[in-house]
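# Inside the fold
As a plain string of letters, each chain reads:
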Protein chains: 2
Amino acid sequence: MIETKISAAFYRGDKSFVVEQTAAQVPNAGEVAVRVAYCGICGTDMHVYHGNMDARVGLNRVVGHEMSGTVEAIGANVTNVKMGQKVVVRPLDHCNDCPACDAGHFHICHQLNFLGLDTDGAMQEIWTVPAHTLHVLPDDLRLDHAALIEPVAVACHDVRMSDLKEGEDVVVIGGGPIGILVAMVARDYGGRVVVSEVNKARLAIAQKLGFKIINPAEVDLKAEINTITGEKGADVVFEVSGTQPGVDAMTEVAATRGRIVMVAIHAQKPKIDLFQFFWRELSLVGVRVYEPVDYEKAIGIIASGGVDANTVITDVAPLSDIQKAFDDLDRSPTALKSLIKVEADA
Amino acid sequence: MIETKISAAFYRGDKSFVVEQTAAQVPNAGEVAVRVAYCGICGTDMHVYHGNMDARVGLNRVVGHEMSGTVEAIGANVTNVKMGQKVVVRPLDHCNDCPACDAGHFHICHQLNFLGLDTDGAMQEIWTVPAHTLHVLPDDLRLDHAALIEPVAVACHDVRMSDLKEGEDVVVIGGGPIGILVAMVARDYGGRVVVSEVNKARLAIAQKLGFKIINPAEVDLKAEINTITGEKGADVVFEVSGTQPGVDAMTEVAATRGRIVMVAIHAQKPKIDLFQFFWRELSLVGVRVYEPVDYEKAIGIIASGGVDANTVITDVAPLSDIQKAFDDLDRSPTALKSLIKVEADA
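Quick caveat, the model's predicted, so the values are computed rather than measured.

### Looking at the overall build of chain A
Within chain A, the secondary structure is distributed over 13 helices and 17 strands. A compact globule built from 346 residues should have a C-alpha radius of gyration of about 20 Å, and chain A, at 20 Å, falls within 12% of that. Considered along the principal axes of its C-alpha atoms, chain A spans approximately 65 × 45 × 40 Å. By residue count, 60% of the 346 residues in chain A fall in the buried class. When contacts within chain A are restricted to residue pairs at least 6 apart in sequence, long-range pairs at least 24 apart make up 68% of them. Each charge sign in chain A was given a centre, from 31 positive and 46 negative side chains, and these centres are 3 Å apart.

### Overview of the sheet that holds strand E11 (residues 192-196) of chain B
An order of E12(A)-E11(A)-E10(A)-E13(A)-E14(A)-E15(A)-E15(B)-E14(B)-E13(B)-E10(B)-E11(B)-E12(B) is seen for the twelve strands of this open sheet, with the pairing classed as mixed. At either margin of the open sheet sits one strand with a lone partner, and together these are strand E12 (212-214) of chain A together with strand E12 (212-214) of chain B. Strand-to-strand, the axes of this sheet are offset by a mean angle of 20 degrees, without reference to chain direction. With five bridges connecting them, strand E10 (residues 169-173) of chain B and E11(B) associate as parallel partners. Paired with Ile173(B) across the two strands is Ser196(B), which belongs to E11(B).

### A word on the confidence of the model for chain A
If pLDDT is low for a region, its predicted coordinates should not be looked at in detail. When the pLDDT values of chain A are averaged, the result is 96; 99% of them are 70 or greater. Our summary of model confidence lists the complex with pTM equal to 0.95 and ipTM equal to 0.95.

### Topic: the packing of helix H5 (residues 149-162) of chain A against helix H6 (residues 177-188) of chain A
When two helices pack together, their arrangement is captured by the angle between the axes and the distance separating the axes. All names here are of chain A. Running from N to C, H5 and H6 point in directions that differ by 60 degrees, and their axes come no closer than 8 Å. Judged by the angle between their axes, H5 and H6 are oblique. Crossing of H5 over H6 shows right-handed handedness. Contact residues: Pro151, Val152, Val154, Ala155, Cys156, Asp158 and Val159 in H5; Ile178, Leu181, Val182, Val185 and Ala186 in H6. For the contact of H5 with H6, the per-class residue count stands at eleven nonpolar, no polar and one charged.

### What about the relation of the copies chain A and chain B?
Of the two same-sequence chains, chain A is brought onto chain B (RMSD 0.0 Å, axial shift 0.0 Å) by a rotation of 180 degrees. Both copies are brought into coincidence by an operation consistent with a two-fold rotation axis. When each C-alpha of chain A is compared by its distance to the rotation axis, Lys271(A) comes out closest, at 2.1 Å. Here 100% of the contact residues of chain A are again contact residues in chain B; the copies associate through an equivalent surface.

### Quick word on the interface of chain A and chain B
Facing the 37 residues of chain A at the interface are 37 residues of chain B. Across the interface of chain A and chain B, roughly 3,500 Å² is buried in total on both sides, 65% from carbon and sulfur atoms. Our count for the chain A to chain B interface comes out at two salt bridges. The shortest N-O distance in the salt bridge between Arg257(A) and Glu291(B) comes to 3.0 Å. The tally of links from chain A across to chain B stands at 19 residue pairs in polar contact (both at pLDDT 80 or more). Of all the secondary-structure elements, those providing two or more residues to the side of chain A that touches chain B are helix H3 (99-102), H5, strand E14 (254-262), helix H10 (274-280) and strand E15 (283-286) of chain A.

### Details of unusual backbone geometry
Residue and element names in this part refer to chain B. Of note in the backbone geometry, Asn96 takes a positive phi value of approximately 65 degrees without being a glycine. By the secondary structure assignment, Asn96 is in the loop between strand E6 (92-93) and helix H3 (99-102). On the accessibility criterion, Asn96 (53% relative accessible area) is exposed. One non-glycine residue, Glu281, adopts positive backbone phi at about 50 degrees. Structurally, Glu281 can be placed in the loop between helix H10 (274-279) and strand E15 (283-286).

### Topic: the state of the cysteines
All names here are of chain B. As enumerated under the stated definition, the model contains zero disulfides over all chains in all. Cysteine Cys39 shares no disulfide, and the gap to the nearest cysteine sulfur, in Cys42, comes to 9.3 Å. The cysteine Cys95 is free of any disulfide, with Cys109 supplying the nearest cysteine sulfur at 3.5 Å.

### Brief notes about the domain arrangement of chain A
Residues and elements named next belong to chain A. By domain assignment, chain A separates into domain 1 (5-148 + 307-341) and domain 2 (152-286). The gap between the C-alpha centroids of domain 1 and domain 2 is 29 Å. With nine residues of domain 1 in contact, the opposing surface of domain 2 contributes 13 residues. Buried surface at the junction of domain 1 and domain 2, both sides included, amounts to about 930 Å², of which 77% is carbon and sulfur. Summed over the three residues of domain 1 that lose the most area to domain 2, namely Val307, Thr311 and Leu336, the buried surface amounts to 47% of that side. Here domain 1 and domain 2 share zero salt bridges between them.

### Observations concerning the packing of aromatic side chains
All names here are of chain A. The final tally for this structure, using the stated rule, is 16 aromatic pairs over all chains. Ring geometry for Tyr290 and Tyr295: centres 5.1 Å apart, planes at 75 degrees, overall edge-to-face. Just as Tyr290 is buried, Tyr295 falls in that class too. Aromatic rings pair up to connect Tyr11, Phe17, Tyr49 and Phe326 into one cluster. Sitting over the face of the ring of Phe211, Arg187 holds its NZ or CZ atom 3.9 Å from the ring centroid.

### Quick notes on the pairing of E11(B)
Sheet faces and side chains relate simply in a regular strand, where the side chains alternate between the two faces. Residues and elements named next belong to chain B. Within E11, four of the five residues are buried, leaving the element largely enclosed by the surrounding structure. Bridge analysis of E11 against E12 gives three bridges, and the strand direction is parallel. Counterpart to Ser196 in the pairing with E12 is Ile214.

### What to know about a positive patch on the surface
On the surface, Lys269(A), Lys271(A), Lys269(B) and Lys271(B) cluster together into a positively charged patch. Along the chain, the position of Lys269(B) falls in the loop between strand E14 (254-262) and H10.

### Regarding the nonpolar core
Ranked by size, the top nonpolar core spans 100 residues in total, and within it Met123(A), Ile149(A), Val152(A), Phe238(A), Phe326(A) and Ile340(A) carry the most contacts. No other element matches H5(A), which puts eight residues into this core. The residue makeup of this core includes at least three contributed by each of domain 1 (5-148 + 307-341) and domain 2 (152-286) of chain A. Apart from the residues within four sequence positions on either side, Val152(A) is in contact with Leu181(A), Val185(A), Ala298(A), Ile301(A), Ile302(A) and Val307(A). The next biggest cluster of nonpolar side chains, apart from the first, holds 99 residues, and it includes Ala37(B), Val172(B), Val240(B) and Ala325(B).

### Quick notes on H6(A)
Over its twelve residues, H6(A) runs 17 Å from end to end, which matches the ideal 16 Å to within 8%, given 1.5 Å per residue. Backbone geometry just after H6(A) places Gly190(A) at a positive phi near 100 degrees.

Conventions adopted
Residues numbered from 1 in each chain as written. Chains lettered and ligands numbered in written order. Predicted model: local features only at pLDDT ≥ 70, side-chain atom pairs only at ≥ 80, totals over all residues. Heavy atoms only, no water. Helix = DSSP H or I, 4+ residues; strand = E, 2+ residues; numbered from the N terminus. Rg over C-alpha atoms; globule rule 2.2 N^0.38 Å. Buried < 20%, exposed > 50% of the residue type's maximum accessible area, 1.4 Å probe, protein only. Contact = heavy atoms within 4.5 Å. Lys, Arg positive; Asp, Glu negative; His and termini not counted. Charge placed at Lys NZ, Arg CZ, Asp CG, Glu CD. Pairing = 2+ DSSP bridges. Axes fitted to C-alpha atoms, helices over the stretch in contact; angles between N-to-C directions. pLDDT = per-residue confidence, 0-100. Parallel < 35°, antiparallel > 145°, perpendicular 65-115°, else oblique. Left-handed = near helix turned anticlockwise from the far one by under 90°. Nonpolar A, V, L, I, M, F, W, Y, C, P; charged D, E, K, R; others polar. Least-squares fit on C-alpha atoms with pLDDT ≥ 70 in both. Buried area = accessible area lost by both parts, 1.4 Å probe. Salt bridge = Lys/Arg side-chain N within 4 Å of Asp/Glu carboxyl O. Polar contact = N/O pair within 3.5 Å; in protein donor to acceptor, adjacent residues only side chain to side chain. Disulfide = S-S within 2.5 Å. Domains from an automatic or database assignment. Phe/Tyr/Trp six-rings, centres within 6.5 Å; stacked < 30°, edge-to-face > 60°. Lys NZ or Arg CZ within 6 Å of the ring centre and 35° of its normal. Patch = residues over 30% accessible without salt bridge, like charges linked within 9 Å, V, L, I, M, F, W, Y side chains within 5 Å. Areas by Shrake-Rupley, 256 points an atom, 1.4 Å probe, with all protein chains shown as cover. Core = buried A, V, L, I, M, F, W, Y, C linked by side-chain atoms within 4.5 Å. Expected span 1.5 Å × (residues − 1).

Next up, the structure:
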């Protein structure tokens, strides 16, 4: 039974959030109301906080999509979940009527509706979503760890699109939160992973997590990778830095026929060494969000401990403290993933 | 039996060739002497002619690698060809001792020896080559047409690396000799091919060959491709122009999950719209020369008429006129492929 009033955190512009009581949305046919347990703060949410996405999200938006929760109420014609089940939401709603959907690429639908940006998201006690977006979790999965499934699914998609095989050499360029998750998933696939990063706090975290680290501001990255790989270079390179030096490095460290995965969002158009693409038959693939199979893989990795959730989660704050949580994350050089504990007794 | 003296055309620098008598090379063990029938002039040979490759080829080099011929003499331990057989040479000799060779990518060996550039080539009556570089032709294949096998194999490699499937929409950006061959091979695969080119003489040739043509200097290429493809975009894009506008266009015309093949050699580092790679999960693959399977495919296409050889071959000149043939090709806006008839009575 859904109570009439719930707490929800509204973005109101200029780095500000306000927690207010609002009406819980009763699920219509094909929808499910989820009681939100935890919701992580995504880099995209930080972009909202900084005002960079006001045109898209407006000034009265409940953000949040990296969530976990339990099924609270079920609308008509829903068969894929049961009351009380632990679930996560894959926050993508597609149009089923565009060339991308026609080709089965629903996750990059031309009119994609991203829940928590284009509609209200999970920073509220009850989140009502289309049933097709739900993935059911194992009963014994911790809901704080489960809030990592969405970002881990991003990493699973990135690694799957790289076609990484066991024993291959991997370089992750950029050791921020997504880079670290990509590194962890690539290691779970059996890759031999090196993390390249210039921020010393991030390097320390990557090293603590057991990765070989290189600071390209201090040593010659290409020479180091050649030494490590017996002059072969990296079979797979993930460009997660979003910088011109990162783009320069990606072609330098790649092996002949190396596969480069473009994880970062480059708003500018960087210069790329296309000659190296020709000379060594490199390939580059752009990757965006995830598909259902990536969510299932991420659930399995979280459930099996393939990602060190306790190290990745660096802060947990109640919904009432969401303002401080965003402010703190914005200032922290070492934070990886901050969670908001939305349900008071989760 | 090999005569002592043969005619050979030597590049002597600054757009000059000299035809002189030279000693035919008797095949050593593992080698085969081929009596050269025809040899096409490659774009790379034109780079040599212009002096751009003097550091690599020197000033006394016999160029040429787009050849056809017959087996004239066979060294010891050669089992793959017989005397008198029609053959073409795949002009790549690999080291068998580098990471690329270790991975089976012999055609992009780190110490690749390109016959006709790094060693003397086919613009001579007898060309002695490693036996493993030979492909045997059908007895009834015309040797002038067979001289197109090498450039067609380039196109076959490009199209194979694109994973083109029947019925897919293809845009070839750049309608020069290689672009036209790529377009022909893509059509042979069942692709629906559009050629984008600004040179009106080349557009006329592409149209004569039955391709849909677009001049992006006159119409909006992206809008045209969207109209042709029902707003989907091109499944496969071949960038053959080697220009920044071509690189800009390649991301604009590609469909969601479109595959872009980098055929052109970009000596500069162009700016690339990486955001589109992310947003629509585009991929880019660099391609270089060919593998044995591409030669076999090219032989089949030439034998079956899948490439209109008579339209592609726009000039044939005897070896004694090689200087004029290069000079003419350099000046011609409409020439596609000039052949040198090396064997007087081929």
